[in-house]
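# Remarks on the overall topology
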Amino acid sequence: MKEFTPAPDSASIVSVTDRVKPIALGIAVTSVHFLRDRAVFVGGAENVAFVDANCEITTVAVHGGGILSTASDGKRIVMGGDDGKVVSLDAKGEVTLLATDPKRRWIDAVALQADGAFAWSAGKTATVKSGKAEEKSIDVPSTVGGLAFAPKGLRLAIAHYNGVTLWFPNMAGSAEFLAWAGSHHAVAFSPDNKFLVTAMHEPALHGWRLADNRHMRMTGYPGRVRSMSWSAGGKGLATSGADTVIIWPFGSKDGPMGKEPAMLAPLQARVSVVACHPKNDILAAGYSDGTVLMVRMDDGAEILVRRNGTPPVAALAWNAKGTLLAFADENGDGGLLEL
């Protein structure tokens, strides 16, 4: 990757910090999602916190132990816990039990599909349930690292050691295996369904062009990539793991093959989480020193949302309209910004 000159001190960046409504959640936060216009902060154990536009906090118990995985479609949040249960949470705060692992194993990963199907994993087993249909399961070679549904059709990507298994639960025949040595964790389809990308245990991404399964290697990170977010329209994939936001280009049929990524918003801190705006070419980035920036992708212009001096930012999310941004650090101190 090309070198970047460090950005000026955050004091010189245009700031909207005075417009942020502070939130003190009192729980260790691992992720945040929006259900309508209410931010839902997910804690590491048992509880989630609903936060409305006035920053009124309502706590809801969802699991009998640690919350290990979450996914949301904006209408509900599906969560898996170390109590062996898969539950959903709707915008009214109602919790519904969706499934229980018969062996009470930890639910390591969950995924939601646009038509309402959901998937979860426990150990080497991935399970899908669609509507009123019966549950269907598949065993993969090793513990599941991540799950993702394709944008269209009932197709599930299952990341694990040495590759990804692509499975059509409603079709006969064997699942397809995409091989690449190493441990694969988070997995994501591109919005146009042309590419599949995984975050690896090593500081790298790996991808496949699905038309011919051609490999795409994305390296050069100083640390492991723990957060990925597709830009509006899917032309770029923003990632954490470096002291800049790394954005890989996916606008052509070859994706990032043979191309340099964009490197935006450099600071003297590592990017911990990224979230692209749902409608415009803007992203939010949280850093290991607590800084939160909004960044315009075409020219790299930055706006300061939160100053440094706090624990790492652990959660970022936009609402569906792109008018609200929610964030929180690992200690549960966060904010809500209305745009």
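Coordinates for the structure precede this section.
Residues numbered from 1 in each chain as written. Predicted model: local features only at pLDDT ≥ 70, side-chain atom pairs only at ≥ 80, totals over all residues. Heavy atoms only, no water.

## Comments concerning the overall build of the protein chain
Counting its secondary structure elements, the protein chain contains zero helices and 30 strands. Dimensions along the principal axes, computed over C-alpha positions, put the protein chain at roughly 60 × 50 × 30 Å. With 339 residues in all, the protein chain has 52% of them scored as buried. A separation threshold of at least 6 residues defines the contact pool for the protein chain, and within that pool the share at least 24 residues apart is 41%. Accessible surface for the protein chain amounts to roughly 14800 Å². Of this, 49% is attributable to carbon and sulfur atoms. For the protein chain, the distance from the average position of its 33 positive side-chain charges to the average position of its 34 negative side-chain charges is 6 Å. (Helix = DSSP H or I, 4+ residues; strand = E, 2+ residues; numbered from the N terminus. Buried < 20%, exposed > 50% of the residue type's maximum accessible area, 1.4 Å probe, protein only. Contact = heavy atoms within 4.5 Å. Areas by Shrake-Rupley, 256 points an atom, 1.4 Å probe, with all protein chains shown as cover. Lys, Arg positive; Asp, Glu negative; His and termini not counted. Charge placed at Lys NZ, Arg CZ, Asp CG, Glu CD.)

## Things to note about the sheet that holds strand 1 (residues 14-15)
The pairing of strands in a sheet happens through backbone hydrogen bonds and is either parallel or antiparallel. Taken in spatial order, the five strands line up as 1-27-26-25-24 in an open sheet, and their pairing is mixed. Either end of the sheet is taken by a strand with one partner, and the two such strands are strand 1 and strand 24 (271-276). Here strand 26 (residues 292-296) pairs with strand 27 (residues 302-306) via four bridges, running antiparallel. Its bridge partner lying in strand 27, Val295 is registered against Glu302. (Pairing = 2+ DSSP bridges.)

## Re the pattern of salt bridges
All chains considered together, the criterion is met by nine salt bridges. Residue Asp101 is joined to Arg105 by a salt bridge in which the shortest nitrogen-to-oxygen separation is 3.0 Å. Looking at Arg105, the relative accessible area reads 27%, which means it is partly exposed. As a salt-bridge pair, Asp254 and Arg209 come within 2.6 Å of each other at their nearest N and O atoms. In this pair, Asp254 is assigned in the loop between strand 22 (245-249) and strand 23 (262-264) and Arg209 in strand 18 (residues 205-209), connecting sequence segments 45 residues apart. Residue classification places Arg209 among the buried positions, given a relative accessible area of 13%. One network of salt bridges, with partners in common, ties together Arg209, Asp212, Lys253 and Asp254. (Salt bridge = Lys/Arg side-chain N within 4 Å of Asp/Glu carboxyl O.)

## Observations concerning the pairing of strand 6 (residues 57-72)
Strand direction decides the pairing type here: strand 5 (residues 45-51) and strand 6, joined by six bridges, are antiparallel. Residue pairing across strands places Phe50 opposite Thr58, the latter belonging to strand 6. Connecting strand 5 to the next strand, strand 6, in antiparallel fashion are five residues, including Cys55 with a positive phi near 65 degrees. Inspection of the sheet shows strand 6 paired to strand 7 (residues 76-81) by five bridges, in the antiparallel sense. For Thr70, the partnering residue across the bridge sits in strand 7 and is Met79.

## So, the side chain of His206
Mapped onto the secondary structure, His206 falls in strand 18. A distance of 2.9 Å separates polar atoms of two side chains, one belonging to His206 and the other to His215. With sequence-adjacent residues up to four places away left out, His206 is seen in contact with Trp180, His184, Leu196, Val197, Thr198, Met200, His215, Met216, Arg217 and Met218. (Polar contact = N/O pair within 3.5 Å; in protein donor to acceptor, adjacent residues only side chain to side chain.)

## Some points on the sheet that holds strand 5
Taken together, seven strands build an open sheet; the order of strands is 3-4-5-6-7-8-9 and the sheet is antiparallel. Bordering the open sheet on either side are strand 3 (29-35) and strand 9 (95-100), each of which pairs with just one other strand. Across this sheet, the average inter-strand angle for adjacent strands is 35 degrees, counted without regard to direction. (Axes fitted to C-alpha atoms, helices over the stretch in contact; angles between N-to-C directions.)

## Considering the nonpolar core
Ala238, Val245, Ile247, Leu283, Tyr287 and Leu293 are the most contacted members of the largest nonpolar core, which has 18 residues in total. Of all the secondary structure elements, the ones that give two or more residues to this core are strand 22, strand 24, strand 25 (282-287) and strand 26. The contact partners of Tyr287, leaving out residues within four places of it in the chain, are Asp243, Val245, Ala265, Leu267, Ala269, Arg270, Val271, Ser272, Leu293, Pro312 and Val313. The next biggest cluster of nonpolar side chains, apart from the first, holds 17 residues, and it includes Tyr221, Trp230, Phe250 and Met263. (Core = buried A, V, L, I, M, F, W, Y, C linked by side-chain atoms within 4.5 Å.)

## Description of the environment of Ala126
Structurally, Ala126 is set in strand 12 (residues 125-129). Along the backbone, Ala126 and His215 are 89 residues apart, and their C-alpha atoms lie at a distance of 24 Å. Apart from residues lying up to four places away in sequence, Ala126 is in contact with Trp120, Ser121, Lys136, Ser137, Ile138, Leu147, Ile158 and Trp167.

## Focus: the environment of Asn280
Its location among the elements puts Asn280 in the loop between strand 24 and strand 25. Of the residues examined, Asn280 reaches a relative accessible area of 39% and is grouped as partly exposed. Along the chain, Asn280 and Leu166 lie 114 residues apart, while their C-alpha atoms are 31 Å from each other.

## With respect to unusual backbone geometry
One non-glycine residue, Cys55, adopts positive backbone phi at about 65 degrees. For Cys55, the position within the fold is in the loop between strand 5 and strand 6. In this structure Cys55 comes out as buried when scored by relative accessible area, which is 17%.

Keep in mind these numbers describe shape, not what the thing actually does.
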